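# Understanding the architecture of this molecule
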Amino acid sequence: MTNQTKDASMKPVTDSGRRAAMAAMLGAAALCLLPQAGAAQAWPEKPIRIIVPYAAGQGADLLARLVSQELGKRLNQPIVIENRAGAGGNIGSAAAARAAGDGYTFLFGTNATNAANEFLYSTPGYDAAADFSGVAMIGLLPMVICTSDTDLPANSVPALIERARAKPNALNVGLPSTTAQVVFAEFVKSAQAPLFAVKYKASGQSLTDTMGGQIPLVIDTVTAARPYITSGKLRAVGITSLKASDMLPGVKSVAEQGVPGFDVVAWDALFAPRGTPPRIVHEMSEHIRQVLEQPETRRKMLDIGVEPLVMQPAQLDAFVKDERQKWGAIIKAAGIRIE
C-alpha cells in the first residue's frame, strides 16, 4: 500500500523563504570580511615621527636623518624628524615619553638621554627606564684623547699617565661636553692619572685652544677631532672604545695601552614610548637592521664618525640597563651635576 502521509515538517520552500535564506548567507559572508576584534592593523599607514632631542645640524640630528632617509623607503612612509632641543636632551625626551605608544612616534635617544641624564639632572622630566623600550641600536661614537703637546706622541697613554703622576693636576684637559666629562672622570680614576679638567661649552673652542697650545689636551668625539688628526694639527693619544676603530686607523685604544677594560663611548639608539605594540617594535627593529647592513649606509656613518652596530630590542634593553649602571656610577663618584 502506498503511503500517502507526508511529514508535517517538510513544507514547500516558497520564494520568500529562498530570499530569507540567501540574505542570511550573504550576511554571514559579509561578517567574515569585516576586521576581527583585536586583529593587527596594517602598519605603518601614515608618516612616522622621530623626535631628536637636539638641535638641527648636530651629530644626532645628522645621523637620524641619514638613517631615516633609507628607513622611509623601506616602510613606504615619510619619516618626519622633529627637533626638540634643550636641557641636554631632556625636553625632547620628555615629549617622546608623553607620546602615544601607537608606533608613530619614536625617540632618537643617546647615552645622555637614556643612561646619564637621570644622574646629572635632579628633574629630567621623564623616567628613561620606565617610559621607553629599546627598538634598535644605531651606532657607537667613540671619543678620543688628543694633544698638540710635542712631548706627547701619538698612541702615548703610558706617557700621559707618567707625566700626570709626575706633576699632579698640571696637565689641563679640555672637556666640551658632559660625555667628555664622564670619559675624563673614568680615565682619571682607572689610570690613576691626576689631570685637571677645563670645561668648554662646545667643541670648536676647545679644539682651537688645544691646537693653539693654550691647553695641551682635549677629549672629544672622533667626528669632531678626526679632521685635525688627519691634517696633523692634533695627535691621537688613545681612543676610548674597548678596541681600536676603523674610523681612526692606527690609533690604539686606551684599554690596549695599559688601562684594561676601559670602554666609555657615546651611542645613539631608537626607542619607543611605553605601550608601543611589540610587533611594531620588532618590525621597526628589523627594518633598521637592514638599513645598517647596507654598505653605503655603513660608509656614510663611518664618514661622520659613527660605527654601525646592530642590536635586537631585548639586546638593546640589556645594554642600556648596563650602561645606566656604568654611567650612573661614574657620575656619582665624580660628583658631576647639572642644574
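Our subject in this report is the structure included herewith. As the structure is a computational prediction, the values presented were derived from the model and not from experiment.

Tracing the backbone shows Asn114 in helix H4 (residues 111–120). Within the structure, the side chain of Asn114 is placed 2.7 Å from the side chain of Thr113, a separation counted as a polar contact. Leaving out residues up to four positions away in the same chain, Asn114 has contacts with Leu107, Gly109, Ala128, Phe132, Trp267, Phe271, Val320 and Arg324.

A full pass over the atoms with the stated rule returns 12 salt bridges. Across the salt bridge formed by Lys73 and Glu70, the nearest N and O atoms sit 3.2 Å from each other. With Lys73 and Glu70 both in helix H2 (residues 59–75) and three residues apart, this pair spans about one turn of that helix. Overall, Lys73 belongs to the exposed group, its relative accessible area being 57%. A relative accessible area of 19% means that Glu70 is categorised as buried. Glu286 is the salt-bridge partner of Arg289, the closest N and O atoms lying 2.4 Å from each other. Here Glu286 and Arg289 lie together in helix H10 (residues 278–292), a separation of three residues that amounts to about one turn.

Turning to the packing of aromatic side chains, a few remarks are in order. Tallying each qualifying case throughout the model produces three aromatic pairs. Between Tyr126 and Phe132 the ring centres are 6.2 Å apart and the planes differ by 75 degrees, which places this aromatic pair in the edge-to-face class. For Tyr126, a relative accessible area of 11% gives the class buried. Consider the rings of Phe187 and Phe262, whose centres lie 6.1 Å apart with planes at 85 degrees: the pair is edge-to-face.

Here helix H7 (residues 178–191) crosses helix H12 (residues 313–334) at 80 degrees, and the two axes come no closer than 10 Å. With respect to each other, H7 and H12 are oriented roughly perpendicular. Of the residues in H12, those touching H7 at Thr179, Val182, Ala185 and Glu186 are Trp327, Ile330, Ile331 and Ala334.

This next bit is on the sheet that holds strand S6 (residues 172–175). Taken in spatial order, the five strands make up an open sheet running S7-S6-S8-S5-S9, and their pairing is mixed. Whereas interior strands pair on both sides, the edge strands pair on one side only; in this sheet they are strand S7 (196–199) and strand S9 (235–239). Within this sheet the neighbouring strands show an average axis-to-axis angle of 30 degrees, counted without direction. Pairing of strand S5 (residues 143–147) with S9, which is carried by four bridges, proceeds in the antiparallel orientation. Residue pairing for S9: Cys146 is matched across the bridge by Ala236. Of the strands in this sheet, S5, strand S8 (217–221) and S9 are in contact with helix H9 (residues 222–231), which crosses S8 at around 125 degrees.

How each quantity is defined
- Residues numbered from 1 in each chain as written.
- Predicted model: local features only at pLDDT ≥ 70, side-chain atom pairs only at ≥ 80, totals over all residues.
- Heavy atoms only, no water.
- Helix = DSSP H or I, 4+ residues; strand = E, 2+ residues; numbered from the N terminus.
- Polar contact = N/O pair within 3.5 Å; in protein donor to acceptor, adjacent residues only side chain to side chain.
- Contact = heavy atoms within 4.5 Å.
- Salt bridge = Lys/Arg side-chain N within 4 Å of Asp/Glu carboxyl O.
- Buried < 20%, exposed > 50% of the residue type's maximum accessible area, 1.4 Å probe, protein only.
- Phe/Tyr/Trp six-rings, centres within 6.5 Å; stacked < 30°, edge-to-face > 60°.
- Axes fitted to C-alpha atoms, helices over the stretch in contact; angles between N-to-C directions.
- Parallel < 35°, antiparallel > 145°, perpendicular 65-115°, else oblique.
- Pairing = 2+ DSSP bridges.

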